[in-house]
2 protein chains.
Amino acid sequence: MSVTLHDVARAAGVSIKTVSNVINDYPHVRADTRARVHEAIEQLGYQPNLSARSLRSGRTGAIALALPELSLSYFAELADSVIEAAERVGQFVIIEQTGGDRERELQLLSSWRRKMTDGLIFSPLGMGMDDAAHLDVAYPLVLLGERIFDGPTDHVTMRNVEAARAATEFLIARGRRRVAIVGAHEGEVIGSAGLRLRGYLEALEAAGIPYDERIVVHTTLWHRANGATAMRELLARDVEFDAVFGFNDTLALGAMRVLQVAGYRVPEDVSVIGFDDLDEAMYSLPSLTTVNPGRSEIAEVAVRSLTERIEANGDTEVPPRLHLAQFRIVERESTATA
Amino acid sequence: MSVTLHDVARAAGVSIKTVSNVINDYPHVRADTRARVHEAIEQLGYQPNLSARSLRSGRTGAIALALPELSLSYFAELADSVIEAAERVGQFVIIEQTGGDRERELQLLSSWRRKMTDGLIFSPLGMGMDDAAHLDVAYPLVLLGERIFDGPTDHVTMRNVEAARAATEFLIARGRRRVAIVGAHEGEVIGSAGLRLRGYLEALEAAGIPYDERIVVHTTLWHRANGATAMRELLARDVEFDAVFGFNDTLALGAMRVLQVAGYRVPEDVSVIGFDDLDEAMYSLPSLTTVNPGRSEIAEVAVRSLTERIEANGDTEVPPRLHLAQFRIVERESTATA
DNA sequence: TTGAAAGCGCTAACAG
DNA sequence: CTGTTAGCGCTTTCAA
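Keep in mind that what you see is a predicted model, and the values were worked out from it rather than measured.

## Regarding the side chain of D131 of chain A
Residue and element names in this part refer to chain A. Secondary-structure assignment places D131 in the loop between β3 (119-122) and β4 (141-144). In this structure D131 comes out as buried when scored by relative accessible area, which is 5%. Not counting residues within four places of it along the chain, the set of residues in contact with D131 comprises R102 and I148.

## Things to note about the UniProt feature "domain: HTH lacI-type" (unreviewed entry) in chain A
The UniProt entry lists residues 3-57 of chain A under the feature "domain: HTH lacI-type" (unreviewed entry), expressed in the numbering used here. Between the C-alpha atoms that bound residues 3-57 of chain A there is a distance of 20 Å. The span itself is 69% helix and 0% strand.

## Observations concerning the domain arrangement of chain A
Residues and elements named next belong to chain A. Looking at chain A, the domain boundaries give domain 1 (62-158 + 295-326) and domain 2 (160-292). Using only C-alpha atoms to locate each centre, domain 1 and domain 2 end up separated by 29 Å. Each partner contributes to the interface: domain 1 provides 12 residues, whereas domain 2 provides 15 residues. Between domain 1 and domain 2 the total buried area reaches about 980 Å² when both faces are included, carbon and sulfur atoms providing 54% of it. Per-residue buried area on domain 1 facing domain 2 is highest for E146, M158 and R295; these three make up 43% of the total on that side. The interface formed by domain 1 and domain 2 holds 1 salt bridge in total. E188 is the partner of R147 in a salt bridge, and the nearest nitrogen-oxygen pair spans 3.9 Å. Applying the counting criterion to the domain 1 and domain 2 interface returns 7 residue pairs in polar contact (both at pLDDT 80 or more). At the level of secondary structure, the elements contributing two or more residues to the side of domain 1 that touches domain 2 comprise α5 (73-88) and β5 (154-158). Among the elements that take part in the side of domain 1 that touches domain 2, α5 stands out by supplying 3 residues, more than any other.

## Focus: the side chain of S123 of chain B
Note on placement: S123 of chain B falls in the loop between β3 (119-122) and β4 (141-144). Those residues in contact with S123 of chain B, other than ones at most four positions away along the chain, are A66, L67, P68, F75 and L144 of chain B.

## Looking at the protein's contact with DNA strand D
Near DNA strand D lie 23 residues; those nearest to it are T18, T33 and R56 of chain A together with Y46 and R56 of chain B. In DNA strand D, atoms within 4 Å of the protein come 58% from sugar and phosphate. Here S15 of chain A contributes a backbone N or O atom positioned 2.7 Å from a phosphate oxygen of DNA strand D. Between DNA strand D and R56 of chain B, the relevant distance is 2.6 Å, taken from a base oxygen to a side-chain nitrogen or oxygen of the residue. Elements represented by at least two residues in the surface near DNA strand D include exactly α2 (16-23) and α4 (50-57) of chain A together with α2 (16-23) and α4 (50-57) of chain B. A breakdown of the residues in the surface near DNA strand D according to their chemical character gives 9 nonpolar, 8 polar and 6 charged.

## Remarks on the sheet that holds strand β9 (residues 271-273) of chain A
Residues and elements named next belong to chain A. Across the sheet, 4 strands lie side by side as β7-β6-β8-β9; this open sheet has parallel pairing. Either end of the sheet is taken by a strand with one partner, and the two such strands are β7 (216-218) and β9. On average, adjacent strands in this sheet sit at an angle of 15° to one another, irrespective of strand direction. Sheet analysis places strand β8 (residues 243-246) next to β9, joined by 3 bridges and oriented parallel. Looking at β9, one finds that V244 is bridged to V272. Sheet contacts for helix α8 (residues 191-207): β6 (179-184) and β7; angle to β6, the most-contacted strand, approximately 165°.

## Concerning the interface of chain B and chain A
Chain B puts 47 residues into the contact, and the matching count from chain A is 47 residues. Between chain B and chain A, roughly 4400 Å² of surface is buried when both sides are summed, and carbon and sulfur atoms account for 59% of that area. On inspection of chain B and its partner chain A, the count reaches 2 salt bridges. Counting across the interface, chain B meets chain A through 12 residue pairs in polar contact (both at pLDDT 80 or more). When residues of the side of chain B that touches chain A are traced back to their parent elements, those giving at least two are α4, α5 (73-88), β2 (92-97), α6 (102-110), α9 (224-237) and α10 (249-261) of chain B. When residues in the side of chain B that touches chain A are grouped by element, the largest group, 7 residues, is from α5 of chain B.

## A few points about the protein's contact with DNA strand C
DNA strand C sits among 23 residues. The nearest are Y46 and R56 of chain A together with S15, T18 and T33 of chain B. At 3.1 Å, a backbone N or O of N49 of chain A approaches a phosphate oxygen of DNA strand C. With respect to DNA strand C, the backbone of S15 of chain B contributes an N or O atom lying 2.6 Å from a phosphate oxygen. Contributions of two or more residues to the surface near DNA strand C are made by α2 and α4 of chain A together with α2 and α4 of chain B. Broken down by class, the residue content of the surface near DNA strand C amounts to 9 nonpolar, 8 polar and 6 charged.

## A few points about the pattern of salt bridges
Residues and elements named next belong to chain A. Inspection of the entire model under this criterion finds 46 salt bridges over all chains. Across the salt bridge formed by E96 and R114, the nearest N and O atoms sit 3.0 Å from each other. You can see E96 sitting in strand β2 (residues 92-97) and its partner R114 sitting in the loop between α6 (102-110) and β3, a full 18 residues away along the chain. Just as E96 is buried, R114 falls in that class too.

What counts as what
Residues numbered from 1 in each chain as written. Chains lettered and ligands numbered in written order. Predicted model: local features only at pLDDT ≥ 70, side-chain atom pairs only at ≥ 80, totals over all residues. Heavy atoms only, no water. Helix = DSSP H or I, 4+ residues; strand = E, 2+ residues; numbered from the N terminus. Buried < 20%, exposed > 50% of the residue type's maximum accessible area, 1.4 Å probe, protein only. Contact = heavy atoms within 4.5 Å. UniProt positions renumbered as here; feature names shortened; annotations may be inferred. Domains from an automatic or database assignment. Buried area = accessible area lost by both parts, 1.4 Å probe. Salt bridge = Lys/Arg side-chain N within 4 Å of Asp/Glu carboxyl O. Polar contact = N/O pair within 3.5 Å; in protein donor to acceptor, adjacent residues only side chain to side chain. Near = heavy atom within 4 Å. Nonpolar A, V, L, I, M, F, W, Y, C, P; charged D, E, K, R; others polar. Pairing = 2+ DSSP bridges. Axes fitted to C-alpha atoms, helices over the stretch in contact; angles between N-to-C directions.

Here you go:
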């Protein structure tokens, strides 16, 4: 069958321990022995058996990334970044899609499938604050997103409040006073929608602009269709507004489309800003100003934290850490001023 | 540490063989013994050690999916479908990104990372027909895409020629005679661009419309920016056209944007059709008519083929198979007729 | 129908 | 500096 340590050892005229030492760069091996072993490895095309190594070491070399679905561009781009970051530290990434369903998210946390990986990077959507206790699992876990705070695990996410405030202030600084919101969630305090709304309110207050709930449109899902529907609803309300802050790019793009169809010019009549800095925001018509929430930093830090926890092997005293990535506003055509 | 077969066996008062039999639904186990074992498993919260199982069985339970990058919506949606299909047959999916780079694609084929998985679903972009021999690997491999045909492996892909022909005929049937192409590749015969161009030519010929190379724009990359650039180039050529066939949705969307900025109305002045049926095609302004190439069927069949090859354990006589998925045209606003 | 025991390929403790 | 050896937890002959 396949070439094993024994074959290499025999070919090099040493014991398997020596071969093992060479492979794991154990320092105390004579240079010529090492060379001989390397040659044998080369010659025989030896590749270590990862299952055996896993069985022995208790590590699989893989981490899981659980997210709602890859068809949502935000998560696809997040996965891209996580895979890249993981590759740099020599880890494989297994992706699990939850569909944003709370039940599936809970199941996933205790599934036998966890056994296949050394740890989990988890971006829940259905679970909420009340489910924090479910995150107290026996394996390394890093939490992403805004569904649960103060949980028992490391948490890596974005500065939602500050970023949303900055986005709103960006519009106000350009003379807009009636900034409509697309994507608010009824009564939500925590969660992306709740936090971004808070940032919006802070910006209004700082600028002395009164809050007008008539220009805040609620929509549970954040797909483009919902942005479009929300904008139709806003237009039907027949209240004045001169800017739109979509709580993500997809919503903003959907809303922008309806605005244009209705005869509004963007940015002349209405400025539009999004959130996420998806690739497509760069190519819309007009191109979309948006908030880059620091996705690659989030991926990088999440993988690093998880790796640390894995290496600490559960017996570290480092308490749960919270990391907030740096955001920045990416200015494009949809908020250009004349 | 963790609960093992031995623990379960002891708790149930049987040998580990019996427990193993129960777990693998080996038929010849007395009902009450089986019940006792199940109870013990439940009680102890036993979960099998996948590494040990892998070491013994030679299977990891994971398959790899290699693709250019998840940031490209087409591949993100493909990955989504593949993960779903794999989950249905109890397999994990490890994603590897190649960036579409030939060197990395070749490396990937013989990487030690292959050892982590039972097989590979491979969607190359940099490799070409001349590299077919590299696909002759010792593990189960299913090829996707149009870079290599008649290779030594199973191949699952779309009906590019027929679909492109149908798309062109769709435009012609709606009275368009000057169908511009965005995304052709200079001198390419095989590959998505080459095949789709062939379908286009077939449609023209069947309709008795002469080919005019002045309305065919070449662009190597298929991002939105390239569609935009291509359309600017086409407009600069100052030749007449009344329709655009973007060789993928992203190109079509980029081209459509430039068209609109230039003052053309879509679909009144120019109809636009794309290829891929990405989610976003549904929400553009106007919504984009496109070809649905049968992505979920491709994923489904790819996973099934690979699983069969894995189970056949290399010693089957089934020759390489080619499966072409069913396509269909999705009609939307960008080709509406007055 | 169930039990005993031999490895799968590797790592690491222990000797030498 | 290098060799011997005992498992990691599981599947699977071979016996009973």
